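Structure assessment
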Amino acid sequence: MEYYYYISINKMVTIIAILVLAIDVTMVLGQGTRVGFYSRTCPRAESIVQSTVRSHFQSDPTVAPGLLRMHFHDCFVQGCDGSILIDGAGTEKTAPPNTLLRGYEVIDDAKKQIEAICPGIVSCADILALAARDSVRVTRGLTWSVPTGRRDGRVSRAADTSNLPGFTESVASQKQKFSTKGLNTQDLVTLVGGHTIGTSACQFFSYRLYNFNSTGGPDPSIDASFLPQLRALCPQNGDGSKRVALDTGSVNNFDNSYFSNLRSGRGILESDQKLWTDDSTKVFVQRFLGLRGLLGLRFGVEFGRSMVKMSNIEVKTGANGEIRKVCSAFN
């Protein structure tokens, strides 16, 4: 479903949805963050991040899903404090779940521009949170107001990334990891829906195509008519680094077709497809699809709400943390 409409009634629905989201944002803020935190101290900060994301996206569309994933991975480890941005041996950036993330140059570019006009004011953690929102915007998703005021963390350890959800995890395990961060089952399904943009490497799902769980055959949850296409993209013993769209047919559009693919057995990652096969998460997939008999949910609106909740995980504000001069290094 696209979020651009051509008849007036749907435009009105979209406008109302955005207004409701803006109101809801004020209800979930916490720990010292607020919308417009830099309105006086660095009023151009948000527009600089937005234009920087758009500029990089135009030359490399992969930065949009990269920045979105980066923000997620940052928030689940040490809270949303920019700790994933730190260079060096043994840092979060070097951990296996993070080695293929991309978009760091976008954050560095935005930070350099902001420091030139507002030195020592805007945190890297906030730049990343804003860039994640703007990554949805440039891929034609709905926008939302981002609360700011985070400070940057002073710790970044690869060992702390073990609590990131993995691509083979059960729904129960995913729910437990989200719950420890104050996120519920609806948040889980909504945020994983961010896989509507971006790709995955064959190495993370090709095991589903051939000898799944030592059965000698494919994962039975994969649509049989989709299997030859996946095998052609990721041949057995082939190039594990080859990239495949997580949302078949809609890789650069932020829409709800990802959920349609789950319903059709066309989820790429095992952990994604499990959202359809597990009853506790399936109901939210169905609601995003607007299936008859269920109270519908608007993916674009709910994604913004869940992102605001996630972006306030264990944030550092006030005297905690620091405002880095360079995002890739502690002061």
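Identification of the protein chain as Peroxidase from Anisodus tanguticus is taken from an unreviewed UniProt entry. Annotation of the protein chain in UniProt includes, under Function (unreviewed entry), the sentence "Removal of H(2)O(2), oxidation of toxic reductants, biosynthesis and degradation of lignin, suberization, auxin catabolism, response to environmental stresses such as wounding, pathogen attack and oxidative stress." Listed under Catalytic activity (unreviewed entry) in UniProt, the entry text for the protein chain is "2 a phenolic donor + H2O2 = 2 a phenolic radical donor + 2 H2O".

Here we come to the overall build of the protein chain. The helix and strand tally for the protein chain stands at 12 helices and 4 strands. Expressed along its principal axes, the backbone C-alpha trace of the protein chain runs to roughly 60 × 55 × 40 Å. Taken over 331 residues, the protein chain has a buried fraction of 53%. Considering only contacts within the protein chain whose residues lie at least 6 apart along the sequence, 76% involve residues at least 24 apart. With an accessible surface of roughly 14,100 Å², the protein chain has 55% of that area assigned to carbon and sulfur atoms. Of the charged side chains in the protein chain, 36 are positive and 30 negative; the average position of the first set lies 4 Å away from that of the second.

What follows concerns the side chain of D126. Counting through the fold element by element, D126 comes out in helix α5 (residues 124–138). The class of D126 is buried, set by a relative accessible area of 0%. A distance of 2.5 Å separates a polar atom in the side chain of D126 from a polar atom in the side chain of R150. With near-sequence residues (within four places) excluded, D126 lies in contact with Y38, P147, T148, G149 and R150.

When the UniProt feature table is mapped onto this chain numbering, "binding site: Ca(2+) 1" (unreviewed entry) sits at D74, V77, G79, D81, S83 and E92. The named residues occupy 19 residues along the chain; their greatest pairwise C-alpha distance, 12.3 Å, places them in one compact cluster. Looking at the element boundaries, D81 is found in the loop between α3 (63–75) and α4 (104–117). Since its relative accessible area comes to 1%, D81 is described here as buried. When near neighbours in sequence (up to four residues on either side) are disregarded, D81 contacts D74, A125, R151, D152, G153, K316 and R324. Mapped onto the elements, S83 comes out in the loop between α3 and α4. Residue classification places S83 among the buried residues on the basis of a relative accessible area of 0%.

Here the UniProt-annotated "active site" (unreviewed entry) positions come out as H73. Mapped onto the secondary structure, H73 falls in helix α3.

Moving on: the confidence of the model for the protein chain. When pLDDT is averaged along the protein chain, the result is 91, and 90% of the positions lie at 70 or above. In this model, residues 1–30 is a region of pLDDT below 50 whose contacts with residues beyond four sequence positions or in other chains number 44 contacts.

Time to look at the environment of S206. With respect to the secondary-structure elements, S206 resides in the loop between β3 (199–201) and α8 (227–233). The spacing of S206 and L100 is 106 residues in sequence and 17 Å in space, taken between C-alpha atoms.

Take the environment of V244 next. With respect to the helices and strands, the residue V244 is situated in strand β4 (residues 243–245). Sequence-wise, V244 and D187 are 57 residues apart; in three dimensions their C-alpha atoms are separated by 25 Å. The contacts of V244, once residues within four sequence positions are left out, are G198, T199, S200, C202, F205, L233, C234 and I268.

Attention now goes to the state of the cysteines. One pass over the full model with this rule turns up 4 disulfides. In this model C124 forms its disulfide with C327; the gap between the sulfur atoms is 2.1 Å. Looking along the S-S bond of the C124-C327 disulfide, the torsion reads about -95 degrees, which is the left-handed sense. Here the residue C124 occupies a position in helix α5, and C327 occupies one in the segment after α12 (299–310), the gap between them amounting to 203 residues. When sorted by exposure, C124 lands in the same class as C327, which is buried.

Moving on, we get to α12. Taking 1.5 Å per residue, 12 residues should reach 16 Å; α12 reaches 16 Å between its end C-alpha atoms and fits that length. Within α12, 10 of the 12 residues are buried, which leaves the element mostly enclosed by the surrounding structure. Buried residues of α12: F299, G300, V301, E302, F303, G304, S306, M307, V308 and M310, and no others.

This brings us to helix α6 (residues 171–179). Among the residues of α6, those classed as buried are V171, Q174, K177 and F178. Angular distribution of buried residues about the axis of α6 spans 125 degrees; they occupy a single face of the element. Lining the buried residues of α6 we find α3, α7 (185–192), α10 (270–277) and α11 (279–288).

Scoring rules and cut-offs
Residues numbered from 1 in each chain as written. Predicted model: local features only at pLDDT ≥ 70, side-chain atom pairs only at ≥ 80, totals over all residues. Heavy atoms only, no water. UniProt positions renumbered as here; feature names shortened; annotations may be inferred. Helix = DSSP H or I, 4+ residues; strand = E, 2+ residues; numbered from the N terminus. Buried < 20%, exposed > 50% of the residue type's maximum accessible area, 1.4 Å probe, protein only. Contact = heavy atoms within 4.5 Å. Areas by Shrake-Rupley, 256 points an atom, 1.4 Å probe, with all protein chains shown as cover. Lys, Arg positive; Asp, Glu negative; His and termini not counted. Charge placed at Lys NZ, Arg CZ, Asp CG, Glu CD. Polar contact = N/O pair within 3.5 Å; in protein donor to acceptor, adjacent residues only side chain to side chain. pLDDT = per-residue confidence, 0-100. Disulfide = S-S within 2.5 Å. Expected span 1.5 Å × (residues − 1). Arc of directions from axis to C-beta.

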